[in-house]
Amino acid sequence: MSALPARTIGAMEVRAPHPPVPTAPAQGPAGPSVLDAIRQGHAHTAAVHESLRSEQAVIEAREFSLWYGKRRALYAISMIVARGKVTALIGPSGCGKSTLLRSINRLNDLVEGVRIEGSIVLHGVPVYAPGVDVIGLRKRTGMVFQKPNPFPMSIRENVIYALRINGERRRAVLDEACENSLRAVALWDEVKDRLRHSALGMSGGQQQRLCIARAIVAEPEVLLLDEPCSALDPVATLRIEELIRELSQRYTILIVTHNMQQAARVSDYTAFMYLGRLVEYGSTADVYQNPRLRETEQYVTGRFG
Amino acid sequence: MPLVRKNPWKTLQSRVMFAACAACTVLIIGVLGLVTVYLFSIGFGATSWEFFAADPTGNALDPGGMRNAVVGTLILIGLASLIGIPLGLLAGVYLSEYGTERLLPGPVRFVTDVLAGVPSIVVGILGYELLVVPLGNYSGWAGAGALAFIMVPIVARTSEEMFRLVPDSYRQASAALGATRSQTILRVVAPAAAGTVVTGIMLAIARIAGETAPLLFTALGSRFLTTNPSEPFPSLTVQVYTYATGPYPAQRELAWAGILVLISIIFVVNVSIRLVTLRVRRSPA
Ligand SMILES: Nc1ncnc2c1ncn2[C@@H]1O[C@H](COP(=O)(O)OP(=O)(O)OP(=O)(O)O)[C@@H](O)[C@H]1O
Ligand SMILES: [Mg+2]
């Protein structure tokens, strides 16, 4: 596939769930399904599509595994996240999507008893190497959570929080950054007259856009979005989706979602996870319309059993 | 069929419950009112300009005022707060924010619980042994130290609880933005908890303002106005205790005034702290 169509197909044309007719019958073990095998604890080699070969990796996980205490949440995940693209992580609840996301900015460090194996490289920096600057690492990534979580401060202070903790004090700089960030999330006109009001008085959708503005104010390289729309109504969801597409021109975005249509609408690449394993990974168009595995097709079309 | 059918038994139950709650409320407010009225009716008459303007004369029939004790109590509360509140807050932050991953919190929490339960007379004796004896004499410092000792566990435990109530999602968001743990605590968690932490601080202040036993063994008391904490130090509680247990009616009457003033001080301190924190929280930092 050429470089250009990926974007257009990913963003515009795909309208899942179109019951796709797989051209090639799903490969893999003919009898028992791949998911059954995974459930029984067999190793699974992810079906990674060729299209990813041509991409430049911003994030690369190599045989990355993670345990919460004795419980294993991720199994030797190897995947790249393509520069300047939107990558969606999909999969049933509890399959480790959030865990993988939180492994990239080492937010899992806050959880007691977490142990990892393998590595994740962000922009050439091995994230889990001893002596790595975790704070600096987190500054290079922006994260947005499932539930909008603005701080109990004014709207302005929320947006410029990352600059404040970097020690920025010049008023002009702060004001400009605040306005730019709020404009980027299309919130400026709505709140420019009440920047000093509490952020907790905003609607859920506004709060989530504020959280995105807060995440991008210090110009991170990667945006990690963990189900950013799951607490929002359809209209607010649509606005965030538009926003994601717009931000994708400037940032590399990794988004977790349970909404198959959303993944189809906003992403260039889609990774399907199951019980801590990466099952299939390829361009969104391929994963939705031409998946290698029968199980992927069943999952994205909602016939998951 | 009506959607909600009245169940007579349930209705009765709820009425009885309501009546019981109302009765208890009235009882408590009534007792409180009675005490206040009684205190005012006796104490107010005994409170005069002279009470605040004059020091004790040493003459039992014309005892003068309690200026020295009012000043002494205020200074003791101030010094004890300066020592006790920061220590208590730091301990509370430690228990709540760093408590999960170190070995210490278990023992620290146990010790604060035990300390919070130590009878104040024991604190007095401890203060005598640990402060008065080494320092060589009864003093305001020793008194403030003993009072601070009472404050620390109260402030520590209440602030720990209040810090724990701050949603974890704030800490996560802050960490994800690249804040260090101390930045998260200072900029997000502490301001979010400030309003309720103040309640714990007020509790502690109210508690020490009324303490007598620890001061008997440490600050001792004094007939003279002083602002030097290295000397034996006057306080309202000790003064009231001395007068109230003595045989002279004029002094006993003054003791009532002392109690009224003490309660007023506690009230004013509480209200002003609350106002200040409200203002701090409202103003966008
Ligand atoms: N803090 C934690 N401590 C222990 N186990 C955890 C913790 N967080 C997640 N897990 C476990 O790790 C597994 C993966 O969880 P994770 O939250 O990553 O799933 P998810 O794919 O994001 O699910 P969802 O779609 O419901 O958000 C789950 O089995 C979960 O129970
Ligand atoms: Mg999740």
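Analysis parameters
- Residues numbered from 1 in each chain as written.
- Chains lettered and ligands numbered in written order.
- Predicted model: local features only at pLDDT ≥ 70, side-chain atom pairs only at ≥ 80, totals over all residues.
- Heavy atoms only, no water.
- Helix = DSSP H or I, 4+ residues; strand = E, 2+ residues; numbered from the N terminus.
- Expected span 1.5 Å × (residues − 1).
- Buried < 20%, exposed > 50% of the residue type's maximum accessible area, 1.4 Å probe, protein only.
- Core = buried A, V, L, I, M, F, W, Y, C linked by side-chain atoms within 4.5 Å.
- Contact = heavy atoms within 4.5 Å.
- Pairing = 2+ DSSP bridges.
- Phe/Tyr/Trp six-rings, centres within 6.5 Å; stacked < 30°, edge-to-face > 60°.
- Lys NZ or Arg CZ within 6 Å of the ring centre and 35° of its normal.

Caption draft 1: Examining helix α9 (residues 204-216) of chain A more closely. Taking 1.5 Å per residue as the helical rise, α9 of chain A with its 13 residues ought to reach 18 Å, and the 19 Å between its terminal C-alpha atoms agrees with that figure. Buried residues of α9 of chain A: G205, Q206, Q207, Q208, R209, L210, C211, I212, A213, R214, A215 and I216 of chain A, and no others.

Caption draft 2: Highlighting the nonpolar core. Core analysis: the biggest nonpolar cluster contains 147 residues, and L89, L182 and I253 of chain A together with L236 of chain B have the highest contact counts within it. The dominant element in this core, judged by the number of residues it contributes, is helix α8 (residues 181-209) of chain B, at ten residues. If sequence neighbours within four positions are ignored, L236 of chain B has contacts with F51, M66, A69, V70, T73, G258, V261, L262 and I265 of chain B.

Caption draft 3: Seen up close, the sheet that holds strand β3 (residues 71-82) of chain A. Residue and element names in this part refer to chain A. Spatially, the four strands line up as an open sheet ordered β3-β2-β5-β6, and their pairing is antiparallel. Edge positions in the sheet fall to β3 and β6 (125-126), since each has one partner strand and no second. In terms of strand pairing, strand β2 (residues 57-68) meets β3 through eight bridges, oriented antiparallel. In the strand pairing of β3, A61 is matched with M79.

Caption draft 4: Local environment of the packing of aromatic side chains. Scanning the model with the defined rule gives ten aromatic pairs over all chains in all. Both rings, one in F151 of chain A and one in Y161 of chain A, keep their centres 4.6 Å apart while their planes meet at 50 degrees; by these two values the pair is tilted. On the criterion of sequence distance, the pair formed by F151 of chain A in the loop between β7 (141-144) and α5 (155-159) and Y161 of chain A in helix α6 (residues 161-165) is long-range, its members being ten residues apart. Assigned by exposure class, F151 of chain A and Y161 of chain A land together as buried. Summarising the aromatic geometry, the rings of Y128 of chain B and Y138 of chain B are spaced 6.0 Å apart at their centres and angled 45 degrees between planes, so their arrangement reads as tilted. Here Y138 of chain B lies in the loop between α5 (120-135) and α6 (140-165) and Y128 of chain B lies in helix α5, a separation of ten residues in the sequence. According to the relative accessible area criterion, Y128 of chain B is partly exposed, its value standing at 31%. Cluster of aromatic residues (ring-pair linked, three or more members): F151 and Y161 of chain A together with Y170 of chain B. Seen from the ring of W67 of chain A, R115 of chain A lies directly overhead, with NZ or CZ sitting 4.1 Å from the centre.

Caption draft 5: Geometry of the pairing of β7 of chain A. Residues and elements named next belong to chain A. Of the two faces of β7, the one lined by T141 and M143 and the one lined by G142 and V144 are each fully buried. Sheet analysis places β7 next to strand β8 (residues 222-226), joined by four bridges and oriented parallel. Considered in β8, the bridge of G142 is made with L223.

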